[in-house]
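Descriptive analysis of the structure
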Amino acid sequence: MLKLFSNRVVSLGSMRENGTVVRRVSENPDYAQICREQEYFLVRDRLSEVPEGFAGYLFFEKPSRDVPLVSYLLEPTLSYLRNGDIVKINTSHGTLRTVYRRNSRHNSVLVTERCNNYCLMCSQPPREINDDHLVDELLQTIPLMSRETLSVVITGGEPTLLGERLAQVINAFRCYLPYTAVHVLSNGRSFRDLDYAKAIGQVQHPDLMIGIPLYSDISSKHDYVVQADGAFDDTIRGIINLKTVGVRVEIRVVLHNLTYDRLPELARFIRRNLTFCDHVALMGLEMTGFTRSNLNKLWIDPKDYQAQLRDAVAILDGAKMDVSIYNHQLCILEESLHRFSRKSISDWKNEFMAECNGCTRKRECGGFFSSATLRYTTHITPFHDD
Amino acid sequence: MASVFQDEEFYLPAHHTYSLLPFRFSRLDSDRYVAVNEVGESQLLLRDELELFVRKRLSQSSRLYYALKARHFLEDNDSDIAADLLTLKVRSKRERIARFTSLHMFVVTLRCNHSCQYCQVSRQSEDRSAYDMTEAMADRALDFTFRSPSPAIKIEFQGGEPLLNFDLIKYIVLNAKRRNVVEKRDLAFVIATNLSFLTDEILGFCRDHAVQISTSLDGPADLHNANRPKPGNDSYEVTIDGIRRAREALGVDQVSALMTTTKASLARVTEIIDEYVKQGFRGIFLRNLSPYGFAIKTRYFDGYDSDSWLNFYRCGLDYILQLNKQGCSFAEFFTTTVLQKMLTPYETGFVNLRSPAGIGIAGIIFSYNGEVYPSDEARMKAEMGDKIFCMGNLMTDTYEQMMLSPALLTPLEDSFAESVPMCEECAFLPYCGSDPDYHYATQRDFVGHKALSGFCKKNMGVFRYIIQKLEDKPEERQILESWVNW
């Protein structure tokens, strides 16, 4: 697992930049002078030459000689940083967050920690805080991202709690990264207000999808999973409104002990009522956040819901809906489901277990969340294709 | 420490009550009822379950309650989304009505080299002037066609044997495409032909202009040739050879076949299906014989009734399901049409299962003499001497005069099954439709008495049979679900 956050940033120089700064990092000692002023230079080892003119310098080893005015010492866990990545440093707290990795297919940006749901299995437990600065910093980050970025996920908390500012963020992506797919993870409730859906639609982003969770065909059961009365109705209305204004919608179902039983019924409900949605993702549980507190309620060995999963996929695929299975290991999925399985877990937290050693299909396998060490299926059986 | 999370019960409404949403129910078999809502979602209930449900005494946490709630048979005070979703589903089901006429059939000639017993219209004649459509009529028919607001326009060439007037087909295709440069419709062409006059020149034209071929295949050689006499008695051989050549020129998906059921077919459903499998088709439409034209005149139609057709259909469907279980993917197309109505939010394009009926507003036919009819069956009736459905003539009447003529509007207005006695209370209504031609032909009335209607009996038999399979046979349910988007 990559550590995207560090709280052991030590200032080495005689100056510090104040507050939070967002900088792109460079490994190019010959970088054009005019481009250096906004970037931090990565110094890999103590013997390297330190080129002049960068906004700051990031060291992995404490240098023996004098350092430039703005210089920081980073933990070795951050040594994955590469040319074109973007970091956010807060010098007064001594923290660094990697907010963008140019070579990753899994860049996500957190825009708020606030949420109006309180899902039993939330992987990012919400906090009721003022975090408006996150958007300010993101708006600085977006122009620094590579135009070749394939996709970016906007996540929270609940991004729509930003209100109009979410439209502003999506618009920034449209302007600076016109070829990048933008995926917003939202509970969809705010879009019950048609005008708000319109505001997002009017950005006219060329490749936008809103991923919205739906956990049951029964209102009270969905509301229970997300711990919010009335959420089901809001979410359904939100989905309809988004599609009405031409924004693409993905339905996301996290599979666990409270959702697997009616999964085929949920698939039928989707086929009947929401067949105009653009994608359905059936997702394995991540063992982090609130899932840990509610593990007894939520845990079921994925092997034990294969029948329901197979039925649901058959129903949705049969309705010509685009359906994917996320976060699952190939060896526990029935053969007929393999073609729906995606390598969906973000690269920085995607791992394999000791049992997987020698498996010949790791490359196609979804693998595990790093957090799965807490509990995972007892049915791992490595493939041994010749 | 008390949990910050609430239990499931917390999210149930404190004072539980529910109200019924619109639905109809009918007895399915000896001990079960089927309830169907306005948009075709269904639920099976035992008699006492049905009573508990309508008396509002169902337990809020029973599986039956959940099923009825999710399918919008009831609404409780936990959620008021049902009306929104039902509205959306009704709109989807009715969408086709607004799109208006898409299928336009051109009878380019009545002449034919076959003399099929069940055919209502063809003529064995060399007289082109008497039985061929003219270019002037074709022009007027194209004017008419492009008056339809439908975003999709399908032009079907009919006969007689339309390839006997292939020059006119070319004329119509080229002119339709020329007009479509401006019109920008989704334009498609199909020729309904017995393939006897297929040439490489014709196939080349079809390939260049994406014209599809639809032919008749009634079953194995002896049955086909008996049903479809022609000089030389080699209709089967000609058809099979034509299918092969058409597939090689146009691609397999551009060539389809239709079978007509006759009394001689009734005992041979498995052989007929085998013939379609053998010829590489992905499915078959087990059609019933229509009660028109020569069929009635020759008293052919009396040869068998709805019950014997239903038996034919059931045996055929069972056999096809058996084939699928043995790894042969093959569908029955009347069943797929019904399944689309049962399992999807959309309405089917099949004109005979629509309310209001599809006459004129889904399909329309231009006869060889310029007369316009709201359906193929209606022009057949006219060939028999009864022009009750004649909407007018292309050469003398305007689009408005014809589309607003009583010959169309009267049967159309009578075809809203929702207000037809016995239909309006039938659970199967959302799966069914109206067929004013059929009821006029059999009962001299556009509506007809449903207790005496072969259309009603046949359809109800099919609906019941499919529902029983969906409910009682999980393996067959899986196969049937895979047919929905065949």
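Residues numbered from 1 in each chain as written. Chains lettered and ligands numbered in written order. Predicted model: local features only at pLDDT ≥ 70, side-chain atom pairs only at ≥ 80, totals over all residues.

1. Points about the overall build of chain B
Broken down by element type, chain B carries 19 helices and 15 strands. With the principal axes as the frame, chain B shows a C-alpha extent of 90 × 50 × 50 Å. When burial is assessed residue by residue, chain B has 45% of its 486 residues classed as buried. Within chain B, counting contacts between residues at least 6 apart in sequence, those at least 24 apart form 69% of the total. (Helix = DSSP H or I, 4+ residues; strand = E, 2+ residues; numbered from the N terminus. Buried ≥ 20, exposed ≤ 12 C-beta atoms within 10 Å, placed from the backbone. Contact = placed C-beta atoms within 7 Å.)

2. A few points about the overall build of chain A
Along chain A, the regular secondary structure elements total 10 helices and 17 strands. Oriented by its inertia axes, the alpha-carbon framework of chain A measures out at about 65 × 55 × 35 Å. Across the 386 residues in chain A, those meeting the buried criterion constitute 46%. Nonlocal contacts in chain A, meaning residues at least 24 apart in sequence, comprise 71% of its contacts between residues at least 6 apart.

3. Some remarks on the domain arrangement of chain B
All names here are of chain B. Split by domain assignment, chain B resolves into domain 1 (18–93) and domain 2 (100–406). Here domain 1 and domain 2 have C-alpha centroids that lie 39 Å from each other. Taken together, the contact between domain 1 and domain 2 spans 6 residues of the former and 5 residues of the latter. Sorting elements by how many residues they give to the side of domain 1 that touches domain 2 places helix α3 (residues 82–99) first, with 3 residues. Among the residues making up the side of domain 1 that touches domain 2, the classes are represented as 1 nonpolar, 3 polar and 2 charged. (Domains from an automatic or database assignment. Nonpolar A, V, L, I, M, F, W, Y, C, P; charged D, E, K, R; others polar.)

4. A look at the interface of chain B and chain A
Taken residue by residue, the interface counts 24 residues in chain B and 25 residues in chain A. Elements that contribute at least two residues to the side of chain B that touches chain A include exactly α2 (63–70), α3 and α19 (474–482) of chain B. With 4 residues, α3 of chain B is the single largest residue contributor to the side of chain B that touches chain A. Its residues assigned to classes, the side of chain B that touches chain A comprises 10 nonpolar, 6 polar and 8 charged.

5. Things to note about the packing of helix α12 (residues 306–325) of chain B against helix α18 (residues 454–472) of chain B
Residues and elements named next belong to chain B. At a minimum axis distance of 9 Å, the contact between α12 and α18 shows a crossing angle of 25°. As judged from the angle between their axes, α12 and α18 are roughly parallel. Crossing of α12 over α18 shows right-handed handedness. Between α12 and α18, the contacting residues are Ser306, Trp309, Leu310, Tyr313 and Arg314 on the first element and Gly454, Lys457, Lys458, Gly461, Val462 and Tyr465 on the second. (Axes fitted to C-alpha atoms, helices over the stretch in contact; angles between N-to-C directions. Parallel < 35°, antiparallel > 145°, perpendicular 65-115°, else oblique. Left-handed = near helix turned anticlockwise from the far one by under 90°.)

6. Structural notes on α2 of chain B
Each α-helix turn comprises 3.6 residues. Residues three or four places apart therefore point the same way. Among the residues of α2 of chain B, Leu68, Lys69 and Ala70 of chain B are the ones counted as buried. In this structure, the buried residues of α2 of chain B make contact with α7 (263–273) of chain A together with β4 (42–46), α1 (47–54) and β5 (74–76) of chain B. A positive phi of about 65° marks His72 of chain B, the residue just after α2 of chain B.

7. A closer look at the domain arrangement of chain A
Residues and elements named next belong to chain A. Domains assigned within chain A are domain 1 (5–100) and domain 2 (107–374). Taken together, the contacts link 8 residues of domain 1 with 9 residues of domain 2. Looking at the side of domain 1 that touches domain 2, the elements with two or more residues in it are β3 (20–26), β7 (86–90) and β8 (95–100). Looking at which element gives the most residues to the side of domain 1 that touches domain 2, the answer is β3, with 3 residues.

8. Let's talk about the nonpolar core
Membership of the largest hydrophobic core comes to 117 residues, with the highest contact counts inside it found for Phe106, Val107, Ile172 and Phe428 of chain B. If near-sequence neighbours (up to four positions away) are discounted, Phe428 of chain B is found in contact with Ser26, Val36, Met460 and Phe463 of chain B. Ranked by size, the runner-up nonpolar core spans 110 residues in total, among them Leu58, Val99, Val182 and Val184 of chain A. (Core = buried A, V, L, I, M, F, W, Y, C linked by C-beta atoms within 7 Å.)

9. Details of the pairing of strand β13 (residues 363–366) of chain B
Within a regular beta strand, the side chains point alternately toward one face of the sheet and then the other, so they alternate between its two faces. Residue and element names in this part refer to chain B. Because side chains alternate across β13, one face comprises the buried residues Gly363 and Ile365, and the other comprises Ile364 and Phe366, equally buried. As judged from the 4 bridges shared by strand β6 (residues 103–107) and β13, these two strands associate in the parallel manner. Across the sheet, residue His104 finds its bridge partner in β13, namely Ile364. Taken together, the 2 bridges between β13 and strand β14 (residues 371–373) define a ladder with antiparallel strand orientation. Looking at the pairing, Phe366 lines up with Val372 of β14. Hairpin connection between β13 and β14: a loop of 4 residues separates the two successive antiparallel strands, and Gly370 in this loop has a positive phi of roughly 95°. (Pairing = 2+ DSSP bridges.)

10. Things to note about the sheet that holds strand β11 (residues 181–185) of chain A
Residue and element names in this part refer to chain A. Ordered by their spatial adjacency, 7 strands build an open sheet running β9-β10-β11-β12-β13-β14-β15, and the pairing between neighbours is parallel. Among the strands making up the open sheet, the edge pair consists of β9 (107–110) and β15 (323–326). On average, adjacent strands in this sheet sit at an angle of 25° to one another, irrespective of strand direction. Two strands pair when backbone bridges link them, and strand β14 (residues 279–283) and β15 are joined in this way by 4 bridges, in the parallel orientation. Paired with Val280 across the bridge in β15 is Val323. Docked against the sheet, helix α6 (residues 231–244) engages β12 (208–213) and β13 (248–254), running at close to 165° with respect to β12.

11. Notes on the pairing of β6 of chain B
Residue and element names in this part refer to chain B. Burial analysis of β6 places 5 of its 5 residues in the buried class, which makes it a mostly covered element. In this structure, β6 lies alongside strand β7 (residues 152–158), joined through 5 bridges in parallel fashion. Paired with Leu103 across the strands is Lys154, a residue of β7.

12. Digging into the packing of helix α13 (residues 333–343) of chain B against α18 of chain B
All names here are of chain B. At their nearest, the axes of α13 and α18 sit 11 Å apart, and the two run at 75° to each other. Between α13 and α18, the angle falls in the class roughly perpendicular. Taken together, the residues of α18 that come into contact with α13 (itself represented by Phe334, Thr335, Val338 and Leu339) are Val462, Phe463 and Ile466. Taken together, the residues of the contact of α13 with α18 sort by class into 6 nonpolar, 1 polar and no charged.

13. A closer look at the sheet that holds strand β2 (residues 23–27) of chain B
Residues and elements named next belong to chain B. Within the open sheet, the 3 strands sit side by side as β2-β3-β4. Their pairing is antiparallel. Pairing within the sheet leaves two strands with one partner each, and these edge strands are β2 and β4. Ignoring which end each strand starts from, the neighbouring axes of this sheet average 25° apart. Sheet analysis places strand β3 (residues 32–37) next to β4, joined by 5 bridges and oriented antiparallel. Counterpart to Val34 in the pairing with β4 is Leu44.

14. Examining unusual backbone geometry
Cis geometry marks the peptide bond from Gly156 of chain A to Gly157 of chain A, where omega comes out at 15°. Note that Gly157 of chain A resides in the loop between β10 (151–155) and α3 (164–176). Even without being a glycine, Asn327 of chain A presents a positive backbone phi close to 65°. For Asn327 of chain A, a count of 24 C-beta atoms within 10 Å gives the class buried. Positive phi, close to 65°, is recorded for His72 of chain B, a residue that is not glycine. For His72 of chain B, the position within the fold is in the loop between α2 and β5. Residue His72 of chain B is classed as buried on the basis of its 23 C-beta neighbours within 10 Å.

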